[in-house]
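Results of the structural survey
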Amino acid sequence: MDIKKIAFIGLGLIGGSIAKTIRRVHPQIKLYAVSGHLSTITQAYEADVIENDSMLSLDEISDADYIFLCTPVQQNLAYLRQLKDRIAPHTVITDAGSVKGDIHRAVTQLGLEGSFIGGHPMAGSEKTGFAASTPYLLENAYYVITPTAQTSPQQTERYYRLVSDLGAIPLVLDYDRHDFATASISHLPHVIAYSLVNLVKSIDDSQETMKTIAAGGFRDMTRIAASSPVMWQDICLSNREQLLRLMDLYENQLAGIRSYIEAGDKENMNAYFTSAKDYRDSLAVRQTGSIQPVYELYCDLIDEVGGIATIATLLASNGISIKNIGILHNREFEQGVLHIELYDRTSLDTAAALLEKYHYTVYRR
């Protein structure tokens, strides 16, 4: 790589994981960080991830080959404005935000299109901070790249190679297409989860009957409502246009199935549910079901030949049958790269203990 210096503004879960991964795969690249907390800088320095052991100004990182903006979306916009007249001609600014429209529009207004490439690593968890970051969080995760109209093919290719080196799967998309897609498969589901929880809360009785008997289906559908309210407030505001468009489309879907139920139209109800089931079953890795209990775990796995086979052999040799196994490419709200589903609770407990014994990092739901 011809990259010599990379700087980070914000070094939490995502920024820290990108930095740790670069340190692992390209130790010759010098990494620096700006953070609002000296404790984060100290922690990263003591972990041998960054070069600076004290706070830096923006001027001191302005000559980096890449500057990663890894703070909340609105803060990224503020830093972008501060960097405009500071960065060197060769510097490329990138970000790690889950919404691209706002920052791309700001880049255009600031005349920075030739010095910016948007990025969205689709990995993460409910945990936050540098302490939660890992050098394998991006392994086999989709990493969306959103060039500007003035990004040269050479700039895109160079950034594409860097993302590939991180072990991620780069996807080059137009930023509007990215925002509509993520609003569909991530932002709208979160809004629905929050609204469903608030609906049940508002109609529960004084004995909290609904909370008491809430079973797998409700918990599975609303698990993501436990995510950070502040983060989702920012995401909804940043992707407001696309999200409102999708909420209207979703209301039309609800109105359609409501009309079938009201009319007792069994044929159309069955066709509607069958269509959804078939599409859901076609997803690469089956997630938690809403009717029957699912016994599953997630495991960190280095992308190397025979990695999955080693785990499968380990479990099989100990009499554990695997119901489903697969790589998670979109782990924005999951931990672990490998998804393993077992047949029963005993198998789940035994598999988790066995993998931990052999020093795999295991996450259980």
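Below you will find a few notes about this structure. Since this is a predicted model, take the numbers as computed values, not measurements.

About the thresholds
- Residues numbered from 1 in each chain as written.
- Predicted model: local features only at pLDDT ≥ 70, side-chain atom pairs only at ≥ 80, totals over all residues.
- Heavy atoms only, no water.
- Helix = DSSP H or I, 4+ residues; strand = E, 2+ residues; numbered from the N terminus.
- Rg over C-alpha atoms; globule rule 2.2 N^0.38 Å.
- Buried < 20%, exposed > 50% of the residue type's maximum accessible area, 1.4 Å probe, protein only.
- Contact = heavy atoms within 4.5 Å.
- Areas by Shrake-Rupley, 256 points an atom, 1.4 Å probe, with all protein chains shown as cover.
- Lys, Arg positive; Asp, Glu negative; His and termini not counted.
- Charge placed at Lys NZ, Arg CZ, Asp CG, Glu CD.
- Pairing = 2+ DSSP bridges.
- Polar contact = N/O pair within 3.5 Å; in protein donor to acceptor, adjacent residues only side chain to side chain.
- Axes fitted to C-alpha atoms, helices over the stretch in contact; angles between N-to-C directions.
- Phe/Tyr/Trp six-rings, centres within 6.5 Å; stacked < 30°, edge-to-face > 60°.
- Lys NZ or Arg CZ within 6 Å of the ring centre and 35° of its normal.
- Salt bridge = Lys/Arg side-chain N within 4 Å of Asp/Glu carboxyl O.

What to know about the overall build of the chain
Scanning the chain for helices and strands turns up 13 helices and eleven strands. Relative to the 2.2 N^0.38 estimate, which gives 21 Å for 365 residues, the radius of gyration of the chain is 22 Å and therefore close to what a compact globule would have. Along the first, second and third principal axes, the C-alpha set of the chain runs to 65 × 50 × 45 Å. Counting the 365 residues in the chain, one finds 45% classified as buried. Considering only contacts within the chain whose residues lie at least 6 apart along the sequence, 72% involve residues at least 24 apart. For the chain, the exposed surface amounts to about 18,700 Å²; the carbon and sulfur share of it is 53%. Of the charged side chains in the chain, 32 are positive and 43 negative; the average position of the first set lies 2 Å away from that of the second.

Focus on the pairing of strand 10 (residues 338-342)
For strand 10, the buried fraction is high: five of the five residues fall into the buried class. Burial along strand 10 is two-sided: the residues Leu-338, Ile-340 and Leu-342 and His-339 and Glu-341 are all buried. Pairing geometry for strand 9 (residues 322-327) and strand 10, over five bridges, is antiparallel. Bridging from a neighbouring strand, Ile-327 pairs with Leu-338 of strand 10.

Side note on the side chain of Asn-52
Within the fold, Asn-52 resides in the loop between helix 2 (38-46) and strand 3 (66-69). The buried category is assigned to Asn-52, whose relative accessible area is 6%. Within the local environment of Asn-52, its side chain forms a polar contact with the backbone oxygen of Ala-33, the two atoms lying 3.1 Å apart.

As for unusual backbone geometry
You will see that Asn-140, though not glycine, has its phi angle at about 60°, which is positive. The class of Asn-140 is buried, set by a relative accessible area of 13%. Unusually for a residue other than glycine, Glu-208 sits at a positive phi of about 55°. Structurally, Glu-208 is set in the loop between helix 6 (175-203) and helix 7 (209-213). Judged by its relative accessible area of 38%, Glu-208 falls in the partly exposed class.

Some words on the sheet that holds strand 9
Here four strands make up an open sheet; going across it, the order is 9-10-8-11 and the pairing antiparallel. Bordering the open sheet on either side are strand 9 and strand 11 (362-364), each of which pairs with just one other strand. Geometrically, the sheet is characterised by an average inter-axis angle of 20° between neighbouring strands, direction not taken into account. Here strand 8 (residues 295-299) runs beside strand 10; their pairing, made up of five bridges, is antiparallel. Along strand 10, the bridge assignment pairs Glu-296 with Glu-341.

Observations regarding the packing of aromatic side chains
Across all of its chains, the model carries seven aromatic pairs by this definition. Ring geometry for Tyr-66 and Tyr-159: centres 5.6 Å apart, planes at 40°, overall tilted. Of this pair, Tyr-66 sits in strand 3 while Tyr-159 is found in helix 5 (residues 153-165), placing the two residues 93 residues apart along the sequence. Here the two residues Tyr-66 and Tyr-159 agree in accessibility, since each one is buried. An aromatic cluster of at least three residues, connected via ring pairs, comprises Phe-8, Tyr-66, Phe-68, Tyr-143 and Tyr-159. A cation over an aromatic ring shows up here: Lys-5 above the ring of Tyr-32, its NZ or CZ 4.8 Å from the ring centre. The residue whose ring lies beneath Lys-20 is Phe-130, and the NZ or CZ to ring-centre distance is 4.5 Å.

Overview of the environment of Leu-77
Counting through the fold element by element, Leu-77 comes out in helix 3 (residues 73-83). For Leu-77, a relative accessible area of 10% translates into the label buried. Setting aside residues no more than four positions away along its own chain, Leu-77 makes contact with Asp-102, Ile-103 and Ala-106.

Comments concerning the pattern of salt bridges
The tally for this structure, following the rule as stated, stands at 13 salt bridges. A salt bridge links Asp-95 to Lys-100; its shortest N-O distance comes to 2.6 Å. Linking Lys-323 and Glu-341 is a salt bridge whose minimum nitrogen-to-oxygen distance equals 4.0 Å. Of this pair, Lys-323 sits in strand 9 while Glu-341 sits in strand 10, placing them 18 residues apart in sequence. According to the relative accessible area criterion, Lys-323 is partly exposed, its value standing at 39%.

Some remarks on the sheet that holds strand 1 (residues 5-9)
Pairing in this open sheet of seven strands is mixed, and the strands run 2-1-3-4-5-6-7 from one edge to the other. Of all strands in the sheet, those bounded by a partner on one side alone are strand 2 (30-34) and strand 7 (169-172). Ignoring strand direction, the axes of neighbouring strands in this sheet form an average angle of 25°. One ladder, built from four bridges, connects strand 3 with strand 4 (residues 92-95); its direction is parallel. Bridge pairing in strand 4 places Ile-67 opposite Ile-93. Of the strands in this sheet, strand 1, strand 2, strand 3, strand 5 (116-121) and strand 6 (142-147) are in contact with helix 1 (residues 13-25), which crosses strand 1 at around 165°.

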